[in-house]
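The primary structure of each chain is shown beneath.
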Amino acid sequence: MVLYTSPFPNSFLSVLHSFSWGLIFPCYWLADRLVASFVPTTYEKRQRADDPCYFHALCIIITTPIYLALLVASLPFALIGFLLWSPLQSARRPYIYSRLQDKNHANGATLLTEWKAAGNGKSFCFGSANVCLLPDSLARFNNVFNTQARAKEIGRRIRNGASRPQIKIYIDSPTNTSISAASFSSLVSPQGGDSTNRTVNAGIKRTTSMEYKGDNSGSNNSENSREDKNGAGEPNEGEENTCIVRINGEDNGHMSDTEAETVNGQAHASGLAEPSLEGDAEVSKTPNHKQKEGDCGSLDSCSASRESLVKVRVGDGTVDQSTVNNKLLYKASIMKKTSVRKKKHTDEIFDHEISAFFPANLDFLCLQEVFDKRAAEKLKEQLHRYFEYIVYDVGVYSCHQCCSFKFVNSGLLFASRYPVMDAAYHCYPNGRGTDSLASKGALFLKVQVGSTPQDQRIVGYISCTHLQAIAGDTTVRCEQLDMLQDWLSEFRKSTSSSSTANPEELVAFDVICGDLNFDNCSSEDKLEQQHSLFTHYKDPCRIGPGEDKPWAIGTLLDPEGLYDDEVCTPDNLQKVLESEEGRKGYLVYPTSKNHGSSQKGRKASLKGNGRRIDYMLYTEEGLYLEWKVEVEEFSFITQLAGLTDHLPVAMRLMVSTGEDDP
């Protein structure tokens, strides 16, 4: 299958399309700005409340007639452009495939080595997020604004989080299940009784920030790192640049002298952070971009998190030099790993956490609601500094392939560190209401992640989708789930080059991710909860229809509280979501017929942990029979706090080959 690197088959159509859009754009931009000026966000309302001179109201009075006059003047040109633009969409391709040519600009892609499936296995990390990159006037209805600046910041935060070294400290404590006890300060400098005074739900883990500053100046550090790796055993393939420290103890989580010396041998104090990776001094206009105490979402911030208690310098020679030379302020993971017998469900063998940043070594990223084209370009530019392969501008326009007229694309974007072999897109034909104006659908991808010693390709399948959003459209979403399964089955058959007798490809994983717009706890979503999709694909957060695991939390934030000081930074949002009371205040919960619509006015009546509408599903069906796929880690991510009204999610899968297993 040929991957489309341009939206049109020839340059003439591309030029004609650019010309037609150039005629439309002034009218589109003026209309967007005009509407945006009358839809303020809560952040802007708070700023205007402190303005005694009503300066903003004066600006609206002056600019509105100007916008209207220019809008009317641009309408004839927009009409001509539309008459050219609309028929061109029948020749437009359903996506654009972009591959980074200059790998010197990529921080993550150069670290990859081809997997030969000869070791214990390999882990793959998947991420998904709804980033709400609509035209600014429409984004404001979700209480977010400045789409162009947000797109750049979102891309920067994602790549900074994914490109950091993977350093984890596991604390095994069968007697202390407090999450707050995972704070590294209570381990280095124990304070009696403190760990028991701040107990929260033990089922939810957190990743506390720990700074990492790359440095290639010390050879001793390199030797120490190699010794630590040898002492910890051989890592699995694919765990690039990973340092794991395990702390065991029966004394309520306190660290022994020997353990303290071990950790201090790997972690010691360093200086302040160096300038950011880009070296630019651009100041973002959105409120959440300014650095505040406790903000660890922007990893190149010069201000330390309140929980950044240990600074580490690692000079391991095996680390990619381009990453080391960046001297970027990184963060490591400190994860509270409670004893298995303390867990409610004893078969839960993987880590789960609320993390202030995206997981290190993120391999695949699926985004939804990247509707704005200019924002998509800015986002792609940032993501290309980590991901080598990106599929964006996915969808159809006008009346092409779908029943109703489509004004915007599907909003799907896919980024990968591994080469994309095949891609296909299908538009849901049954969209209703405002959703019918967008070409919502499903994007299917086949990626190559390695090869066997017998030169058999190792591939994986990833599907990204965004379902009908309007509440009450249960039958529409179920029909879309049916189509999703059928299309995926057809895609796998059409792209498979293997036969049962002589397989040329080995399938390592099959993952579905996206915003499905229903949760597993609402009574209104019972039909979706019982869909056959969940019999073929596993949800790591789900026990069964209508019941989530106790550590799973909602992914839909209450838009009204996005700019509150308690949640406007990644660290703060992480802390709030760890408590049940915090989740009730800032997550959207299933609607109740017995209570009013005010979220904060019915805290006492709310049950569960919020509406989880963003999913990561995987299957063991259709994979290579001799291999086993298991979830290694699942994360709810707060790094995009203040930038979107959804919580990103991430899942790390371990593909075990069965060779050399203990």
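Every residue gets a number counted from 1 within its own chain, in the order that chain's sequence is written. The predicted nature of this model means local features are confined to residues of pLDDT at least 70 and side-chain atom pairs, given and counted, to a pLDDT of 80 or more, with totals for whole chains, interfaces and linings taken over all residues. Just so you know, side-chain values use all the structure's heavy atoms and leave hydrogens and water out.

What to know about the overall build of the protein
So, point 1. Helix and strand counts for the protein stand at 16 helices and 22 strands.
So, point 2. Think of it in three bands: with a 1.4 Å probe and only protein chains considered, a residue is buried below 20% of the maximum accessible area for its type, exposed above 50%, and partly exposed in between. For the protein, with 662 residues in total, the buried portion stands at 58%.
So, point 3. As displayed, the protein has an accessible area near 27,100 Å², and 54% of this comes from carbon and sulfur atoms. Each helix is a run of H or I in the DSSP string that is no shorter than four residues. Each strand is a run of E no shorter than two, and both are numbered from the N terminus. Note on areas: Shrake-Rupley, 1.4 Å probe, and residue coverage restricted to the protein chains presented here.

Some thoughts on the pairing of strand E11 (residues 364-370)
So, point 1. Of all the seven residues making up E11, seven are buried; the element is thus mostly covered by neighbouring parts of the structure.
So, point 2. Relative to E11, strand E2 (residues 121-133) runs parallel, the two sharing six bridges. Paired with Leu133 across the two strands is Val370, which belongs to E11.
So, point 3. The pairing of E11 with strand E13 (residues 413-416) spans four bridges and is antiparallel. Between any two strands, pairing holds if DSSP finds at least two bridges.

Some remarks on the environment of Tyr563
So, point 1. Along the chain, the position of Tyr563 falls in the loop between strand E19 (547-548) and helix H15 (570-577).
So, point 2. Within the local environment of Tyr563, its side chain forms a polar contact with the backbone oxygen of Asn143, the two atoms lying 2.8 Å apart. N or O atoms within 3.5 Å of each other form a polar contact, as long as, within protein, one can give a hydrogen and the other can take it, and as long as residues adjacent in sequence are counted only when both atoms are side-chain atoms.

Digging into the packing of aromatic side chains
So, point 1. Ring geometry is summarised as follows: Phe, Tyr and Trp rings, the Trp one being its six-membered ring, pair when their centres sit within 6.5 Å, and such pairs are stacked at plane angles under 30 degrees, edge-to-face over 60 and tilted between the two. Here the structure, examined in full by the defined rule, presents 32 aromatic pairs.
So, point 2. With a centroid separation of 6.0 Å and an interplanar angle of 75°, the aromatic rings of Trp85 and Tyr397 are classed as edge-to-face. Within this pair, whereas Trp85 is found in helix H3 (residues 55-88), its partner Tyr397 is found in the loop between strand E12 (389-392) and E13, the two being separated by 312 residues in sequence. Like Trp85, the residue Tyr397 is buried in the burial classification.
So, point 3. What links up through ring pairs into an aromatic cluster is the set Phe124, Phe126, Phe364, Phe414, Tyr418 and Phe509.
So, point 4. Only Lys NZ and Arg CZ are tested; either one counts as a charge over a ring when it is within 6 Å of the ring centre and within 35 degrees of the ring normal. Here the basic side chain of Arg542 rests over the ring of Phe534, its NZ or CZ set 4.2 Å away from the ring centre.

Some words on the confidence of the model for the protein
So, point 1. Scored from 0 to 100, pLDDT reflects the predictor's confidence in each residue. On average, residues of the protein score 76 in pLDDT, and 65% of them are at 70 or above.
So, point 2. Low pLDDT, under 50, characterises residues 289-346; the predicted model gives this stretch 213 contacts beyond four residues in sequence or across chains. We call two residues in contact whenever any of their non-hydrogen atoms come within 4.5 Å of each other.

Remarks on the packing of helix H5 (residues 147-163) against helix H11 (residues 373-383)
So, point 1. Only the stretch in contact is used when fitting a helix axis, every axis being a line fitted to C-alpha atoms; angles between N-to-C directions are given from 0 to 180 degrees. With their axes 8 Å apart at the nearest point, H5 and H11 run at an angle of 20° to one another. If you check the angle between H5 and H11, you find them roughly parallel. Here H5 runs over H11; the crossing is right-handed. Along its contact with H5, which presents Thr147, Gln148, Ala151, Lys152, Ile154, Gly155, Arg156, Ile158 and Arg159, the element H11 presents Arg374, Ala375, Lys378, Leu379, Gln382 and Leu383.
So, point 2. Throughout, the ten residues Ala, Val, Leu, Ile, Met, Phe, Trp, Tyr, Cys and Pro are labelled nonpolar, Asp, Glu, Lys and Arg are labelled charged, and all others, Gly among them, are labelled polar. Across the contact of H5 with H11, the residue classes tally to six nonpolar, four polar and five charged. Here the word oblique covers every angle except those under 35 degrees (roughly parallel), over 145 (roughly antiparallel) and from 65 to 115 (roughly perpendicular). Crossing handedness is read from the near helix: turned anticlockwise from the far helix by less than a right angle, it gives a left-handed crossing, and turned clockwise, a right-handed one.

Let's talk about the sheet that holds strand E16 (residues 457-466)
So, point 1. Pairing is mixed in the open sheet, where five strands are placed in the order E14-E15-E16-E17-E20. Each having just a single partner strand, strand E14 (420-427) and strand E20 (614-618) make up the two edges of the open sheet. Each strand axis lies, on average, 15° off the axis of its neighbour in the sheet, ignoring direction.
So, point 2. Looking at chain direction, E16 and strand E17 (residues 505-515) are connected through ten bridges and run parallel.

Some details on the UniProt feature "transmembrane region" (unreviewed entry) in the protein
So, point 1. UniProt marks residues 12-31 and 52-85 with the feature "transmembrane region" (unreviewed entry), using the numbering shown here.
So, point 2. Between the C-alpha atoms that bound residues 12-31 there is a distance of 29 Å. The span itself is 100% helix and 0% strand. UniProt positions are given in the numbering used here, feature names are shortened, and annotations may be inferred rather than shown by experiment.

Here's the deal with the pairing of strand E15 (residues 441-451)
So, point 1. Most of E15 sits out of view: ten of its eleven residues are buried.
So, point 2. Sheet topology places E14 next to E15; seven bridges connect them, and they run antiparallel. In the sheet register, Ala423 faces E15, and the bridge partner there is Leu445.
So, point 3. Note: E15 against E16, nine bridges, orientation antiparallel. Considered in E16, the bridge of Leu445 is made with Ile462.
So, point 4. Once E15 ends, the chain turns through five residues before running back antiparallel as E16, passing Asp455 with a positive phi of about 65°.

Some remarks on unusual backbone geometry
Leaving glycine out, the prevailing phi sign among residues is negative, and the prevailing peptide bond configuration is trans.
So, point 1. The phi dihedral of Asp393 is positive, around 50°, even though this residue is not glycine.
So, point 2. Considering the arrangement of structural elements, one finds Asp393 in the loop between E12 and E13.
So, point 3. Of note in the backbone geometry, Asp455 takes a positive phi value of approximately 65° without being a glycine.
So, point 4. Structurally, the position occupied by Asp455 is in the loop between E15 and E16.
So, point 5. We classify Asp455 as exposed; its relative accessible area is 65%.

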